[in-house]
Structure formats: structure tokens, C-alpha cells
Amino acid sequence: MAIRKYAILGALALAGVSLFGLSAKAEDVTLTLWSLDKDTQPAPNLVKEFNAQNNGIKIEYRLIQFDDVVTEAMRAYATGQAPDIIAVDNPEHALFSSRGAFLDLTDMIAKSTVIKPENYFPGPLKSVEWDGKYFGVPKATNTIALYYNKDMFKAKGLDPSKPPQTWDELVEDARKLTDPAKNVYGLAFSAKANEEGTFQVKALGIWKTIMDEKLASPDTLTRGQWDSTGTFNSGNAAMAISGPWELDRMTQEAKFDWGVTLLPVPKEGAERSSAMGDFNWAIFATSKHPAEAFKALEYFASQDDKMFKNFGQLPARSDISIPETGQPLKDAALKVFLEQLKYAKPRGPHPQWPKISKAIQDAIQAALTGQMSPKDALDQAADKIKAVLG
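Definitions and cut-offs
- Residues numbered from 1 in each chain as written.
- Predicted model: local features only at pLDDT ≥ 70, side-chain atom pairs only at ≥ 80, totals over all residues.
- Heavy atoms only, no water.
- Helix = DSSP H or I, 4+ residues; strand = E, 2+ residues; numbered from the N terminus.
- Buried < 20%, exposed > 50% of the residue type's maximum accessible area, 1.4 Å probe, protein only.
- Contact = heavy atoms within 4.5 Å.
- Areas by Shrake-Rupley, 256 points an atom, 1.4 Å probe, with all protein chains shown as cover.
- Pairing = 2+ DSSP bridges.
- Axes fitted to C-alpha atoms, helices over the stretch in contact; angles between N-to-C directions.
- Expected span 1.5 Å × (residues − 1).
- Salt bridge = Lys/Arg side-chain N within 4 Å of Asp/Glu carboxyl O.
- Phe/Tyr/Trp six-rings, centres within 6.5 Å; stacked < 30°, edge-to-face > 60°.
- Lys NZ or Arg CZ within 6 Å of the ring centre and 35° of its normal.
- Core = buried A, V, L, I, M, F, W, Y, C linked by side-chain atoms within 4.5 Å.
- Left-handed = near helix turned anticlockwise from the far one by under 90°.
- Nonpolar A, V, L, I, M, F, W, Y, C, P; charged D, E, K, R; others polar.

1. Side note on the overall build of the protein
In step 1: Within the protein one finds 17 helices and 12 strands.
In step 2: A burial count over the protein gives 51% of its 390 residues as buried.
In step 3: Excluding contacts between residues fewer than 6 apart, the proportion of contacts in the protein whose partners are at least 24 apart in sequence is 76%.
In step 4: Of the roughly 18,600 Å² of accessible surface on the protein, 54% is carried by carbon and sulfur atoms.

2. Focus on the sheet that holds strand 6 (residues 137-138)
In step 1: Strands sit in the order 2-1-3-11-6 across an open sheet of five strands; the sheet is mixed. Among the strands making up the open sheet, the edge pair consists of strand 2 (57-63) and strand 6.
In step 2: Relative to strand 3 (residues 85-89), strand 1 (residues 29-35) is paired through two bridges, and the arrangement is parallel. From the neighbouring strand, tryptophan 34 faces strand 3, where its bridge partner is isoleucine 86.
In step 3: Packing against the sheet, helix 3 (residues 69-78) makes contact with strand 1, strand 2 and strand 3, and its axis sits at approximately 145 degrees to strand 3.
In step 4: Seen against the sheet, helix 13 (residues 290-302) touches strand 1, strand 2, strand 3, strand 6 and strand 11 (279-283) and runs at an angle of roughly 155 degrees to strand 11.

3. Observations regarding the sheet that holds strand 7 (residues 145-149)
What links the strands of a sheet is backbone hydrogen bonding, and the strands pair in either a parallel or an antiparallel sense.
In step 1: Reading across from one edge, 8-7-9 is the order of the three strands in this open sheet, with antiparallel pairing throughout. Either end of the sheet is taken by a strand with one partner, and the two such strands are strand 8 (239-242) and strand 9 (258-261). Pairwise comparison of adjacent strand axes, ignoring direction, gives a mean angle of 25 degrees for this sheet.

4. A look at helix 16 (residues 353-368)
Each α-helix turn comprises 3.6 residues. Residues three or four places apart therefore point the same way.
In step 1: Between its terminal C-alpha atoms helix 16 stretches 22 Å, which fits the 22 Å expected from 16 residues at 1.5 Å a residue.
In step 2: For helix 16, the complete set of buried residues consists of Trp353, Ile356, Ser357, Ala359, Gln361, Ala363, Ile364, Gln365, Ala366, Ala367 and Leu368.
In step 3: Looking one or two residues past helix 16, glycine 370 carries a phi angle of roughly 85 degrees, positive in sign.

5. What to know about the side chain of asparagine 51
In step 1: Summarising the element assignment, asparagine 51 is placed in helix 2 (residues 42-51).
In step 2: With sequence-adjacent residues up to four places away left out, asparagine 51 is seen in contact with Ile57, Lys58 and Ile59.

6. What to know about the pattern of salt bridges
In step 1: Scanning all chains against the criterion turns up 17 salt bridges.
In step 2: With a shortest N-O distance of 3.0 Å, glutamate 339 and lysine 342 are connected by a salt bridge.
In step 3: Judged by relative accessible area, which is 62%, lysine 342 ranks as exposed.
In step 4: Here the salt bridges do not stand alone but share partners, grouping Glu172, Arg175 and Glu213 into one network.

7. Some details on the packing of aromatic side chains
Two aromatic rings, taken as a pair, are described by how far apart their centres are and by the angle between their planes.
In step 1: In total, this model carries 14 aromatic pairs according to the counting rule given.
In step 2: Considering the side-chain rings of tyrosine 147 and phenylalanine 232, the 6.2 Å spacing of their centres and the 50 degrees angle between planes classify their relative orientation as tilted. Taken together, the residues tyrosine 147 in strand 7 and phenylalanine 232 in helix 11 (residues 225-233) connect sequence positions 85 residues apart. Of the two residues, tyrosine 147 and phenylalanine 232, both sit in the buried class.
In step 3: Stacked on the ring of tyrosine 120, the Lys or Arg arginine 317 has its end atom at 6.0 Å from the ring centre.

8. Description of the nonpolar core
Taken as a class, soluble globular proteins show a tendency for nonpolar side chains to be buried jointly.
In step 1: With 49 residues, the main nonpolar core has Ile85, Phe96, Trp281, Leu297 and Phe300 as its most contacted residues.
In step 2: Secondary-structure elements contributing two or more residues to this core are strand 1, helix 2, strand 2, helix 3, strand 3, helix 4 (93-98), strand 11 and helix 13.
In step 3: Setting aside chain neighbours within four positions, we find phenylalanine 300 in contact with Leu33, Leu46, Val47, Ile59 and Trp281.
In step 4: With 38 residues, the next largest nonpolar core counts Leu158, Ala238, Leu263 and Ala367 among its residues.

9. Concerning the packing of helix 10 (residues 204-212) against helix 16
In step 1: The interhelical angle for the contact between helix 10 and helix 16, taken along N-to-C directions, is 40 degrees, at an axis separation of 9 Å. Handedness of the crossing formed by helix 10 with helix 16: right-handed. Between helix 10 and helix 16, the contacting residues are Leu204, Trp207, Lys208 and Met211 on the first element and Ala363, Ile364, Ala367 and Leu368 on the second.
In step 2: The class makeup of the residues in the contact of helix 10 with helix 16 is seven nonpolar, no polar and one charged.

10. Some points on the environment of isoleucine 86
In step 1: Relative to the assigned elements, isoleucine 86 resides in strand 3.
In step 2: Separated by 196 residues in the primary sequence, isoleucine 86 and alanine 282 have C-alpha atoms spaced 5.5 Å apart.
In step 3: Contact partners of isoleucine 86, with chain neighbours within four places excluded, come to Trp34, Val69, Ala73, Phe102, Asn280, Trp281, Ala282 and Phe284.

11. Details of the pairing of strand 1
As a general feature of sheets, a regular strand has side chains that alternate between the two faces.
In step 1: Strand 1 sits mainly inside the fold: five of its seven residues count as buried.
In step 2: As paired elements, strand 1 and strand 2 share seven bridges and run parallel to each other. What sits directly across from leucine 33, in strand 2, is tyrosine 61.

Dropping the structure here:
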């Protein structure tokens with residue numbers, strides 16, 4: 001009887017442990033994720049899909065603004081309020097990694113059957129590296145090219161099959177296409193004093209000519225890429241410099257025949273170049289749930305083959321082919337962007353990139369507003385950058 005009594009008590013004790021264990025397991029791990037992606041972009045949709053799996057891990061999503069990513073994230077890290085996961089602009093990744101803010105994922109990636117470094121394009125992969133280790137996973141990649149309105153080209157006597165190939169041709173075509181009476185500018189682009197401007201502006205002397213001759217809207221200095229492309233879509237600009245993220249919007253909004261060509265070069269035969277863009281996933285070193293956060297990144301990476309189809313963004317991986325959409329304008333444009341990616345260069349990576357970028361932004365603003373000549377502005381920027389680099 002005593003043995004039976006203790007057996008029952010033991011069974012109840014085990015049942016209690018079991019029930020307690022089940023209760024604890026039923027409690028979801030909650031992660032936080034910050035990104036500037038809106039409803040039609042990857043991050044919030046990937047979060048919804050991940051949460052729908054009911055795998056014991058839930059992600060709470062927070063939308064942050066482009067200009068606030070670095071300052072808010074660094075402040076949050078310094079005060080112990082950082083999210084578990086963040087999507088950060090690729091040139092700023094090294095800033096966080098070099099300061100120990102991002103978790104070293106090298107060992108996790110080595111064991112992963114989903115995230116394999118050899119599957120990524122060299123540029124995006126390089127942007128998550130620091131000191132020979134991986135501190136993130138590329139989210140997507142992109143670059144910029146030149147959109148142009150073929151109908152406007154025809155109306156002004158320009159051959160729509162021969163868009164500008166050099167900087168001089170770009171200026172000449174912009175002059176012919178600018179039509180103040182119809183509120184049409186020759187070119188739309190962003191020279192805003194933030195990373196969007198740094199991303200797009202290189203030929204500062206050319207941009208100065210374009211601004212001085214009013215071949216682009218005066219608010220080019222203050223508006224971002226989204227608004228610049230909107231000007232093109234509405235028929236108020238004949239050409240626009242922007243990226244593949246606009247293809248779906250362009251297909252829906254632009255009520256005219258349009259095309260995309262590679263960025264013009266300084267002169268015929270010159271080396272092509274463009275900047276590499278888009279964001280990387282990273283886990284903050286302060287995360288209390290690094291293993292669960294990495295599982296989320298693995299899920300996101302497993303959906304890379306849907307990145308272009310669902311969101312119009314190019315996967316950062318060379319092992320994923322993008323099938324044609326059946327929309328001729330979009331498919332032709334995509335081929336141009338994939339070609340331009342061959343010449344795209346990463347910004348940095350360098351832990352002081354925000355300061356380097358700020359020096360470039362200041363030079364752009366000073367030159368385009370007439371405060372300094374392009375040469376003096378760039379010389380000043382070069383001195384600032386040298387001081388940053390030591």
C-alpha cells in the first residue's frame with residue numbers, strides 16, 4: 001500500500017513536471033523587428049507569414065523612417081532597448097558590426113542548411129562581413145539605371161531606341177525634352193541630403209548644369225527617390241534615375257511607353273559603374289533569443305525566390321533565377337537592371353560610412369545650391385573624408 005501510495009505521488013509529481021513543461025513550451029518567444037518596409041514591401045509580409053506558422057516564435061514589427069534608422073538603432077542599443085532583428089542599409093552595416101552591436105552569425109551560418117554564403121553575390125555578401133566574420137544576412141540587392149519616356153522621345157524627334165549613353169548626351173537630351181509650357185522637366189532624380197542623394201549623385205558637374213538650366217525640378221534637392229519617380233510616372237519628367245523597386249509601380253502608374261537603359265558613362269567606352277543598394281538583416285548582440293532570431297532569418301532567406309515576384313525586389317543570391325513576368329516592359333527593364341548589377345559597387349563597407357556619406361551629401365548640396373563650385377565642394381569633401389579615415 002505504501003509503495004502504491006508513493007508510486008501515485010511520483011506519477012502526480014511527474015505529471016506536474018510534464019504539465020509545467022507543456023505550459024512553458026506553450027508560451028511563445030516574442031521577438032521584435034525593425035525595418036522601414038511598408039505594407040507592400042517584404043519585411044511586414046514576411047513577419048506575417050512567419051507568425052502564421054505558429055512555431056512558438058512570434059515577431060512584433062515596427063516601422064521606422066529612413067533617416068532615423070542609424071540614430072534610433074544606436075540609441076536603442078546603447079540604452080538596452082534594441083530590437084532582436086533589424087533591417088539596415090548595407091553601407092551602414094559595418095558601423096554596427098565594428099562596435100559590437102550586431103551578433104556574430106558566422107558559426108550559425110556555418111551550420112545552416114538554408115543560408116549559404118556561396119549562394120550570394122559577392123557585393124551583398126561583402127557588406128555583411130566585418131573582420132572576416134559574418135554579422136548579418138543580405139536581404140535583397142539593387143542598383144540604379146535610367147528610365148525614359150519613349151513617347152516623349154518620339155514627340156521631340158529623338159530616337160526612342162537610342163537613349164543617352166554618355167553624360168553629354170544625357171544633358172543634350174534633357175534640354176530637348178524639357179518643356180516648361182507643359183510643366184515637363186528633362187530629368188528627375190534625388191539629390192536629397194541623405195543616403196538617397198549619396199546613392200544617386202556622382203557626376204556633380206553634370207548635375208550642376210542640369211539644375212542651373214532648370215532641366216530638373218528645383219525640389220530635386222529635397223525630395224527622395226519615391227517622389228522623383230512619381231514625377232516621371234505622372235508625365236512631368238521625360239527621364240528618371242531610379243531602381244528596380246519602382247517596376248511594379250511604374251507598370252501600374254505610367255500611362256505611356258517607357259524603357260530603361262544603363263546609366264550613362266562619362267564618355268564613350270568608359271568603365272561603367274553604379275552604386276549597390278538595399279538592406280541586410282542583422283541580429284543585435286543584446287538579443288535574449290539569438291537562436292530564435294536566427295530561425296526567423298532562415299525563414300526570410302527561404303523566401304528569397306519570391307522576392308521579385310511578390311515585392312519587385314532583386315534577391316541578393318546568384319542561385320535564384322527570376323522568371324519572366326509576361327509583362328514586356330517590366331521584363332525588358334529587369335534585364336537592364338540585372339546587367340547594371342554587374343557594374344554595381346558597394347558603398348564602403350566602412351564603420352565610418354555615415355560620416356563619409358555626410359561629407360558627400362554636404363558637397364552635393366553646396367554645389368547644387370551655388371554655395372561652392374563642384375570642384376571646391378568635392379575637394380572639401382575629400383579633406384573631410386581623409387580626416388575620417390585617418
